[in-house]
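Residue-level listing of the chains:
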Protein chains: 2
Amino acid sequence: MKTIGVLGAGQLARMLALAGIPLGFKFLYVDPSHSSPASLLGEQIVAPFEDATALQKLADSSDLITYEFENIPVSVVRKLAQTRSVFPPPIALESSQDRLLEKQFFNQHGIDTAPFYPVDDQASLEHAIAVLKLPLILKTRRFGYDGKGQFLVKSLEDAITAFNQLGQKGIIAEGFVKFDRELSCIAVRGIDGATFFYPLVENFHHQGILRLSLAPALVHNSDLNLQASAQVGRILQALDYVGILAVEFFEKEGRLIANEMAPRVHNSGHWTIEGAETSQFENHIRAVAGLPLGDPKPRGFSAMINIIGSMPDATKVLKIPGAHLHDYGKEPRAGRKLGHLTIRADSLEELNRTLQENLNLLPLETAKQWQNRLNR
Amino acid sequence: MKTIGVLGAGQLARMLALAGIPLGFKFLYVDPSHSSPASLLGEQIVAPFEDATALQKLADSSDLITYEFENIPVSVVRKLAQTRSVFPPPIALESSQDRLLEKQFFNQHGIDTAPFYPVDDQASLEHAIAVLKLPLILKTRRFGYDGKGQFLVKSLEDAITAFNQLGQKGIIAEGFVKFDRELSCIAVRGIDGATFFYPLVENFHHQGILRLSLAPALVHNSDLNLQASAQVGRILQALDYVGILAVEFFEKEGRLIANEMAPRVHNSGHWTIEGAETSQFENHIRAVAGLPLGDPKPRGFSAMINIIGSMPDATKVLKIPGAHLHDYGKEPRAGRKLGHLTIRADSLEELNRTLQENLNLLPLETAKQWQNRLNR
């Protein structure tokens, strides 16, 4: 039985294992947190990602290695890659860890982004404001997630406050894009270069956290899925990528503007467990293990609702037609992703009706945002 | 986190855990075999089912208890039921362990069976032959599975040989039914009495082992699913059943003849993992945990092919459109169920075409039998 080593043992690793065990794999994780969501599904080495002994054990005991999140030191992954296959390739991790390199990479491959400018001192901050105009967004170049480490600034005063809070260097300024909506593209590429794209997904964020994904996204311009797959296809090829890649876009007037990418399975792809012929988790495992990829074709219409802070009553939510509950087994804590609920329906009308009857599962603002889109 | 205790840690327990972990449950197993298929997914107490210490530990550490196969001593289950909820109820286990009681139970509830006669000595054997006529089938009343412990006898001489091999008592003689095909009905009943039926499945056996299930079974007489659910519904109610129940039928001239039942998830329901909105495994967990049941509605058309004796090359079978591989992680051995492959398609034509192109996955006789049915 082959063992897949995973850096990280959170909910993404857990769902990778749930998809990989039926294919005959065992799982071994390195993660610093005790009683991680994936620890029920294999052995966990409880250690920091930089722990040399833990990494040696991981390399020794695994046939191949993957990772569930992108804030792992690239040096760790490069070291592991000396003795074991590591997928996605370390270069993809490196490109996605730094927002400046990431945007430059997008632009080099003909993919639009918001205008941006690196900020490392007061002078470059002032220059960024002059070039990009206010309002703009200041973000840490590295280690931001779920809206953390970023500020929308509307005045010079705001900008200086944010600049100081972000540590005065390693910052990127991004022009503010008044986008129409947020979309993401989940793609998978095999070791042999075979590539499949899931249909675009429409995402609704609140307080920097994904709350709702609708899949497939309704596209009035039928060209949009082609635009996305052409662009993401170029990224996959440039990185000689293997595994699932997620790219987040803004849509503005029928055009895609890339925001960021994640070299891993992605929250906006969780709907694929029930809503697609082959889930993103199974396809990631198939890809990294050198197996043929599975069909990404959607099955009807899905809404994925993140469960944040506290779990709902399972006896209630499982009464919702087409509802599938995923409880990650985590301790409740404000703002923490504890699980998700996917509602699947055969028709969009049925899905919309079910969502309408269960808007209490969403933050008020997300519910309103969804209703506004529905009525447009 | 609640713990579900399971008697048995084979592939059925493994698939129960794969469905139950996302619902937030942990699993604990008792099974005498080392490195059982489910042992990757929770803790296994390696001990015989009768081991008092193991059972005490199981009861102490579990919130509720279920079982994955029906040849567990009823006394064990009754003992556990004194301190913990045990589902399906012990009475269902008892009724299904003895072919004589099972058939009497069916008949009492207006469900047809083959004619039968208990055989415990030479006189009753002769009487059985006189009443049922030759050919007939002699079976052990208890502990038979996958065609083991049964003989088709065509002459008095055959009958005496089989009678001796079966130990001269605890035998049931069954009239030979020239049936048109084999069907099964998978049903689920919740603690609140809510009941759902999956559509009838058509099954193809070879050498006593299930090889192929087609779901939903094509029914020319639309009444057949109603007949099945009415009959199985009576069984569920009579036993105050909780969980998945499988009933195997013969179809003869549009009539159903019950063969046997299994108070557990069933091989002929494995297609539901990809082929139904809610799998039999998830619905069993939902039922025994007192959660609302999920929709059993099929998604398109599925063929479930058992993998017996040796695993096929995953790089080949995963190329088949709509193929989903389940490797139970067992040591290969002749005649052993090592996994299954479900092929799902949106239309019956597509499924038939894919099956036709992959007949090498079936024993020759099963392939022929399927083709004959196709051409009828």
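Residues numbered from 1 in each chain as written. Chains lettered and ligands numbered in written order. Predicted model: local features only at pLDDT ≥ 70, side-chain atom pairs only at ≥ 80, totals over all residues. Heavy atoms only, no water.

Chemist: Go over the side chain of Ser213 of chain B with me, naming the residues and quoting the values.
Modeler: Residues and elements named next belong to chain B. Relative to the assigned elements, Ser213 resides in strand E13 (residues 209-215). Assessed through its relative accessible area of 0%, Ser213 is described here as buried. Here Asn203 takes part through its side chain, which lies 2.7 Å from a polar atom of the side chain of Ser213. Every residue in contact with Ser213, bar those within four places of it in the chain, is listed here: Val201, Glu202, Asn203, Ser268, Ser302, Ala303 and Met304. (Helix = DSSP H or I, 4+ residues; strand = E, 2+ residues; numbered from the N terminus. Buried < 20%, exposed > 50% of the residue type's maximum accessible area, 1.4 Å probe, protein only. Polar contact = N/O pair within 3.5 Å; in protein donor to acceptor, adjacent residues only side chain to side chain. Contact = heavy atoms within 4.5 Å.)

Chemist: So what's going on with the relation of the copies chain A and chain B? Residues and values would help.
Modeler: Superposition record for chain A on chain B: RMSD 0.1 Å, screw rotation 180°, translation along axis 0.0 Å. Put plainly, the chains are arranged around a two-fold axis. If distances are taken from each C-alpha of chain A to the rotation axis, the shortest is found for Leu41 of chain A, at 2.6 Å. Taken together, the interface assignments show that 100% of the residues at the interface of chain A recur at the interface of chain B, consistent with an identical surface on both copies. (Least-squares fit on C-alpha atoms with pLDDT ≥ 70 in both.)

Chemist: Which residues make up the packing of aromatic side chains, and what values go with them?
Modeler: All names here are of chain B. For the coordinates displayed, the defined rule picks out eight aromatic pairs over all chains. Aromatic side chains Tyr198 and Trp271 sit 6.2 Å apart centroid to centroid with 85° between the ring planes, which places their arrangement in the edge-to-face category. Taken together, the residues Tyr198 in the loop between strand E11 (195-197) and strand E12 (201-206) and Trp271 in the loop between strand E15 (255-262) and helix H9 (272-275) connect sequence positions 73 residues apart. Classification of Trp271 as buried rests on a relative accessible area of 0%. (Phe/Tyr/Trp six-rings, centres within 6.5 Å; stacked < 30°, edge-to-face > 60°.)

Chemist: For the interface of chain A and chain B, give the residues involved together with the corresponding values.
Modeler: The interface is formed by 36 residues belonging to chain A together with 36 residues belonging to chain B. Broken down residue by residue, the surface that chain A buries against chain B is led by Pro22, Leu40 and Leu318 of chain A, which jointly contribute 19%. Our count for the chain A to chain B interface comes out at four salt bridges. Asp346 of chain B serves as the salt-bridge partner of Lys297 of chain A, at 3.4 Å between the closest nitrogen and oxygen. (Buried area = accessible area lost by both parts, 1.4 Å probe. Salt bridge = Lys/Arg side-chain N within 4 Å of Asp/Glu carboxyl O.)

Chemist: Explain the domain arrangement of chain A residue by residue, including any values.
Modeler: Partitioning chain A into domains gives domain 1 (3-86), domain 2 (115-175) and domain 3 (181-374). Centre-to-centre separation of domain 1 of chain A and domain 2 of chain A, based on C-alpha positions: 34 Å. (Domains from an automatic or database assignment.)

Chemist: So, the environment of Leu318 of chain A: which residues are in play, and what are the values?
Modeler: Position of Leu318 of chain A among the secondary structure elements: in the loop between helix H11 (314-317) and strand E17 (323-327). Beyond its immediate sequence surroundings of up to four residues, Leu318 of chain A is in contact with Ala323 and Leu325 of chain A together with Leu23, Arg286, Leu291, Pro292 and Leu293 of chain B.

Chemist: Please provide a residue-by-residue account of the sheet that holds strand E8 (residues 150-153) of chain A, values included.
Modeler: Residues and elements named next belong to chain A. Read from one edge to the other, the open sheet built from four strands follows the order E6-E9-E7-E8, with strand pairing classed as antiparallel. Looking at which strands have only one partner, the edges of the open sheet turn out to be strand E6 (116-119) and E8. Between one strand axis and the next, the sheet turns by 25° as a mean value, whatever way the strands run. Bridge analysis of E6 against strand E9 (residues 171-175) gives four bridges, and the strand direction is antiparallel. Residue pairing across strands places Pro118 opposite Ile172, the latter belonging to E9. The sheet contacts of helix H6 (residues 122-132) involve E6, strand E7 (136-140) and E9, and relative to E6 the element is tilted by about 170°. (Pairing = 2+ DSSP bridges. Axes fitted to C-alpha atoms, helices over the stretch in contact; angles between N-to-C directions.)

Chemist: Talk me through the side chain of Glu102 of chain B; I want residue IDs and the actual numbers.
Modeler: All names here are of chain B. Relative to the assigned elements, Glu102 resides in helix H5 (residues 99-108). In this structure Glu102 is buried but unpaired, with Arg99 as the nearest side chain of opposite charge at 5.1 Å. Setting aside anything within four residues of it in sequence, one finds Glu102 in contact with Ser95, Ser96, Asn259, Glu260 and Met261. (Lys, Arg positive; Asp, Glu negative; His and termini not counted.)

Chemist: Talk me through the packing of helix H6 (residues 122-132) of chain B against helix H7 (residues 156-165) of chain B; I want residue IDs and the actual numbers.
Modeler: Residues and elements named next belong to chain B. Two elements in contact, H6 and H7, have axes separated by 11 Å at closest approach and are oriented at 140°. By the angle class used here, H6 and H7 are oblique. H7 is crossed by H6, and the crossing has right-handed handedness. Here Gln122, Leu125 and Ile129 of H6 come into contact with H7, specifically with Leu156, Ala159, Ile160 and Phe163. Per-class residue counts for the contact of H6 with H7 are six nonpolar, one polar and no charged. (Parallel < 35°, antiparallel > 145°, perpendicular 65-115°, else oblique. Left-handed = near helix turned anticlockwise from the far one by under 90°. Nonpolar A, V, L, I, M, F, W, Y, C, P; charged D, E, K, R; others polar.)

Chemist: Which residues make up helix H4 (residues 90-97) of chain A, and what values do they have?
Modeler: All names here are of chain A. Across the eight residues of H4, six count as buried, placing the element largely inside the fold. Residues of H4 that are buried include every one of Pro90, Ala92, Leu93, Ser95, Ser96 and Gln97, and no others. Of the surrounding secondary structure, the elements contacted by the buried residues of H4 are strand E4 (64-67), helix H3 (74-81), strand E5 (85-86), helix H5 (99-108) and strand E15 (255-262).

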